[in-house]
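# Descriptive structure summary
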Amino acid sequence: MTLTLTILSAGPSVTVQDMGREGWLAAGLARGGAADRLALLEAAALLGQSTPQAALEMAGFGGRFTFGAPTRIALTGAPMRATLEGEALRWNASHLLPEGATLEIGPAETGVYGYLAVAGGIATPPLLGARATQASAGIGHRLAGGDTLPLGDDPAPDAPLLTLPEAHRFKGGTVRVIEGPQSAYFSEDTRARFFATAFPARAGNRQGLTLGSEEPFTTRTGETILSEPITAGDIQMTGAGLPAILLAECQTIGGYPRIGTVIPADLPLAAQTPQGATLRFRPVTLAEAEAACPPEAAQLDALRAAVLPLRRSGYDTYALLGSQLIGGAIRGDEEEPWRAGLI
Amino acid sequence: MTVTPPQIFPLSLDGVLVRFGQAFTEAANARALALHGALLASPPKGFVESAPALAALHVRFDRTATTRADFEAALRARLDQSADAAPRAPSRIWHIPAAFGGEDGPQLDDVAARAGLSAERLVTQFCETDLSVLALGFAPGLPYLGTLPENWQMPRLTELTREVPRGAITTAIRQIVLFSAPSPTGWRWFGRTAFRPFDLQADQPIALRPGDALRFHAVCDTDLTALEGAPLGGARLEVGA
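This one's a predicted model, so the numbers in the text were calculated from it and none came from an experiment.

Attention now moves to the overall build of chain B. Of the regular secondary structure elements, chain B holds 5 helices and 14 strands. On C-alpha atoms alone, chain B measures out to a radius of gyration of 19 Å, which is about the 18 Å that the 2.2 N^0.38 rule sets for 241 residues. Judged by the C-alpha coordinates and their principal axes, chain B covers about 55 × 40 × 35 Å. For chain B, the proportion of its 241 residues judged to be buried stands at 48%.

Here we take up the overall build of chain A. When its secondary structure is counted, chain A shows 7 helices and 22 strands. Expected size for 343 residues packed as a compact globule is a radius of gyration near 20 Å; at 21 Å, chain A falls within 12% of this value. Here the C-alpha coordinates of chain A stretch approximately 80 × 35 × 30 Å along the principal axes. Classification of the 343 residues of chain A by burial places 52% in the buried group. A separation threshold of at least 6 residues defines the contact pool for chain A, and within that pool the share at least 24 residues apart is 79%.

Time to look at the sheet that holds strand β4 (residues 61–67) of chain A. All names here are of chain A. Spatially, the 6 strands line up as an open sheet ordered β7-β6-β9-β4-β1-β11, and their pairing is antiparallel. The open sheet is flanked by β7 (87–89) and β11 (148–150), the only strands paired with a single partner. When the angles between neighbouring strand axes are averaged without regard to direction, this sheet yields 30 degrees. One ladder, built from 5 bridges, connects strand β1 (residues 4–10) with β4; its direction is antiparallel. Residue pairing across strands places I7 opposite F65, the latter belonging to β4.

The next subject is the interface of chain B and chain A. Listed as interface residues are 37 residues of chain B and, on the opposing side, 32 residues of chain A. The element that contributes the greatest number of residues to the side of chain B that touches chain A is strand β3 (residues 47–52) of chain B, accounting for 5 residues.

Take the pairing of strand β10 (residues 175–178) of chain B next. Residues and elements named next belong to chain B. A two-sided burial pattern is seen for β10, the buried positions comprising Q175 and V177 on one face and I176 and L178 on the other. In the sheet, strand β7 (residues 143–146) pairs with β10 via 2 bridges, with the strands oriented antiparallel. Bridge assignment links L145 to a residue of β10, and that residue is I176. Of the pairings in the sheet, the one linking strand β9 (residues 168–172) to β10 comprises 4 bridges and is antiparallel in character. Note that in β10 the partner of T171 across the bridge is I176. The antiparallel hairpin formed by β9 and β10 contains 2 residues in its connecting segment, where I173 sits at a positive phi of about 40 degrees.

Turning our eyes to something else, we now look at the nonpolar core. All names here are of chain A. One finds A43 and L116 to be the most contacted residues of the largest nonpolar core, which totals 170 residues. The leading source of residues in this core is helix α1 (residues 37–47), at 9 residues. In this structure, this core is formed jointly by two domains, domain 1 (4–163 + 312–321) and domain 2 (172–292), each of which donates at least three residues. Setting aside residues no more than four positions away along its own chain, L116 makes contact with A55, L56, M58, F65, I73, L75 and I105.

Turning our eyes to something else, we now look at the domain arrangement of chain A. Residues and elements named next belong to chain A. According to the domain assignment, chain A consists of domain 1 (4–163 + 312–321) and domain 2 (172–292). Taken together, the contact pairs 20 residues of domain 1 with 12 residues of domain 2. Per element, the largest residue contribution to the side of domain 1 that touches domain 2 is 3 residues, and it comes from α1. A class-by-class count of the residues in the side of domain 1 that touches domain 2 yields 10 nonpolar, 8 polar and 2 charged.

Moving on, we come to the sheet that holds strand β21 (residues 278–283) of chain A. Residue and element names in this part refer to chain A. A sheet is described by the order of its strands in space; here 7 strands give the open sequence β14-β21-β13-β20-β17-β18-β15, paired in mixed fashion. What marks the edges here is a single partner per strand, and that holds for β14 (199–200) and β15 (208–210). The pairing of strand β13 (residues 172–178) with strand β20 (residues 258–262) spans 2 bridges and is antiparallel. Across the sheet, residue I178 finds its bridge partner in β20, namely T261.

Below, the discussion takes up unusual backbone geometry. As a rule of thumb, non-glycine residues mostly have phi less than zero, and peptide bonds are mostly trans rather than cis. G146 of chain B connects to T147 of chain B through a cis peptide bond whose omega is -10 degrees. One non-glycine residue, L128 of chain A, lies in positive phi territory at about 55 degrees. Judged by the 19 C-beta atoms lying within 10 Å of it, L128 of chain A is partly exposed. A positive phi angle, near 65 degrees, is found at R174 of chain B, a position not held by glycine. Among the structural elements, R174 of chain B can be located in the loop between β9 and β10. Residue classification places R174 of chain B among the partly exposed positions, given that 15 C-beta atoms sit within 10 Å.

This part is about the confidence of the model for chain A. Mean pLDDT for chain A: 90, with 91% of residues reaching 70 or above. Below pLDDT 50 for its whole length, residues 314–343 of chain A participates in 50 contacts with residues either more than four positions away or in separate chains.

The rules behind each value
- The written sequence of each chain sets the order in which its residues are numbered from 1.
- Working convention: letters from A go to chains and numbers from 1 go to ligands, in the order in which they are written.
- Given that this is a predicted model, residues contribute local features only at a pLDDT of at least 70 and side-chain atom pairs are listed and counted only at 80 or more, while totals for whole chains, interfaces and linings are drawn from all residues.
- Starting at the N terminus, helices and strands are each numbered in turn, a helix being any DSSP run of H or I of at least four residues and a strand any DSSP run of E of at least two.
- In this treatment the radius of gyration is a C-alpha quantity, and the globule benchmark scales as 2.2 Å times the residue count to the 0.38 power.
- Comment: burial labels come from other C-beta atoms within 10 Å of the residue's own C-beta, placed from the backbone, where a count of 20 or more is buried, 12 or fewer is exposed, and between is partly exposed.
- Contact between two residues is assigned whenever their backbone-derived C-beta positions fall within 7 Å.
- For two strands to be treated as a pair, DSSP must find at least two bridges joining them.
- For helices, the fitted axis covers only the stretch in contact; all axes are lines through C-alpha atoms, and the angles between them, taken along N-to-C directions, range from 0 to 180 degrees.
- For our purposes the nonpolar core covers buried Ala, Val, Leu, Ile, Met, Phe, Trp, Tyr and Cys residues that link as a set through C-beta atoms within 7 Å.
- These domain limits were set by an automatic method or by a database of domain assignments.
- In this count, Pro and Cys sit with the nonpolar residues alongside Ala, Val, Leu, Ile, Met, Phe, Trp and Tyr, while Asp, Glu, Lys and Arg are called charged and the others, Gly among them, polar.
- Known as pLDDT, the predictor's confidence for each residue is given on a scale from 0 to 100.

As C-alpha cells, this is what we get:
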C-alpha cells in the first residue's frame, strides 16, 4: 500500500498544477499554476487543506486513474463525467476511493478545465519552488498512461465527505475589465465597440484564449509597439486585431497592444469558456475591481463556510467501501456504519 | 539622451507597470534596471517581485500587506532616489564562447551584408561589443541583449525561420536573442553557443540576470562541439566587487 496515483490513460493535456511559482518574473517565467485557481480553492475547502495543494488539471478530457492506497479526493472545476468502477461520482464533491479501484473521468460536459485533487496533495519534487507544470517552458510534462505520481499523507483521513453548490462559470458570460497601461492606445470608439461586442470563444490553451470577431480592433496609430510586461488577464489584440485573453501560462513580456485586463475574480470564468460560447466584457473602475476580488485566503474561508455534507446515495457506494477499508471490518450491526467516514 | 518622466499604471490588481519610454533606449532601460535594483536592495512594504522589460518595470505587491496607493507612493520615492544614482558598473560579466556561420549560423552572410561588413569583420565587431542583459522574457531565462552598433539596425525577417536550435544566437533591431530551446523566430540566426540560459538541471537554472554584462568569444565549430557537455557550455562568469 503506497500513496500513489497511477495514470492508466490520460486525455491530451493532463498536468500537475498548483497555485504557481512567484519570484521568477525577472527571469522571464510567469507564475503559471492552475488555469482556474478557484477550482483549487474549492478542492482545498472540500478536502480541509489549509492551502491549496498540487492537483491534476485535466483540459477537456480526464483519463483513467487508480490509487495505491485508500485516498480522499475532490473533483472540481469543469464538470466531467466521473465514475468509480462504473458508479457515478458527484462532481464538486469529495470522495473516499478504495485502493486499486479505477476512477474514470470522461470529457468535460461544459467548461474546459476539470481538477482531480487529493487530500495530501500530489508530492512530485518541486521545480523552481512549485509543482506546477509549464510544458511550454519545459518545466514538467503532460501526463500519460503509465505515469505514477507520489502523494502526500492525508492529514485527516476520517474527515467527512463534503460537497459545494454547483458552480456556474463554465458557459462563458460577462467578465469585468480594468484599464491597463496600454488602454489609451485604443480610441474611445474602439473601446466602446469592444465593450458592446459579444465574442465567440475559439479553442484556447493554458497560455491564452482567442476570441473571434468580424471587425478587428486596432490601436489609434496601428503602429507596432515596444514589448512591455504582460500578465494573466490582459486582453491583447493579435496581429489580426482579434482579442486574446492571457491566462496562467502566458509569457512575461509581449508586443501586442492590450486594451485592458480581466479582473482576477473573473479569470476562472474566462479560462473555462468553452469553444463557441460567448464572452462579453464590462468596464469597471479599480475600486470596483478591488471590491470584487477578495484575496484568495478570504475566498478559501468563504468556500469553507459554504461546504455541505455529501449525502450518501448510489453514487458513493465505493466511498463507503473505502471507509471500510480504512476503518477496518465493520460489524454490520451498527445503525449507520458509514456515518463516521461519510456523514 | 532625454528620458520622459516615468509613468505609473495598474497592471492587474497586484501589479504596477512603470514606463520609462515608449521606445527602447539605453537610458530608459538603465532607469528600469536602476529601479529594479533599488527595490531589491530596499523592498517597500508589500513588495513581492519586480521584472525589467526593455523600457519598463513590472512590480508586483501583496494586496493583503499594502494598498495600491501606499505602494505607488513608496515606488515614487525610490524612483526619485534611483534617478539621481549614478549608473553602476555591472558587477557580473559573462564570457561566452560561440561559433558563427555555416551550420552554426546559416544567416551570417545575410546579417553581414545588411551590416555592410564581411562575415569575418562582422564577427570581430560582434565579439568586441560590450553587451548587457536588457531583459529576460519570451521564454524562461531568454535574454534580450544590447545594444549593438548602428550598422546592426535591421528589421525582423518577414518570414519566420521554422526552427532555430538550442543555443542559437539571433539578431534584429540592434539586439540579440539567445535561445535556450528550439524555437521558431523572425530574428536572423548567425551563431551558436553551448551555453544554455535556462537549464533545469543546473544549480542556477536561470543563469543570467537583468543588467549582467556579456561578451562573446569566437571559437571554431569543433571547439564548440567539445564544450557541449561542459558546465555552462564553457561560459565563464566574472563577478566584480
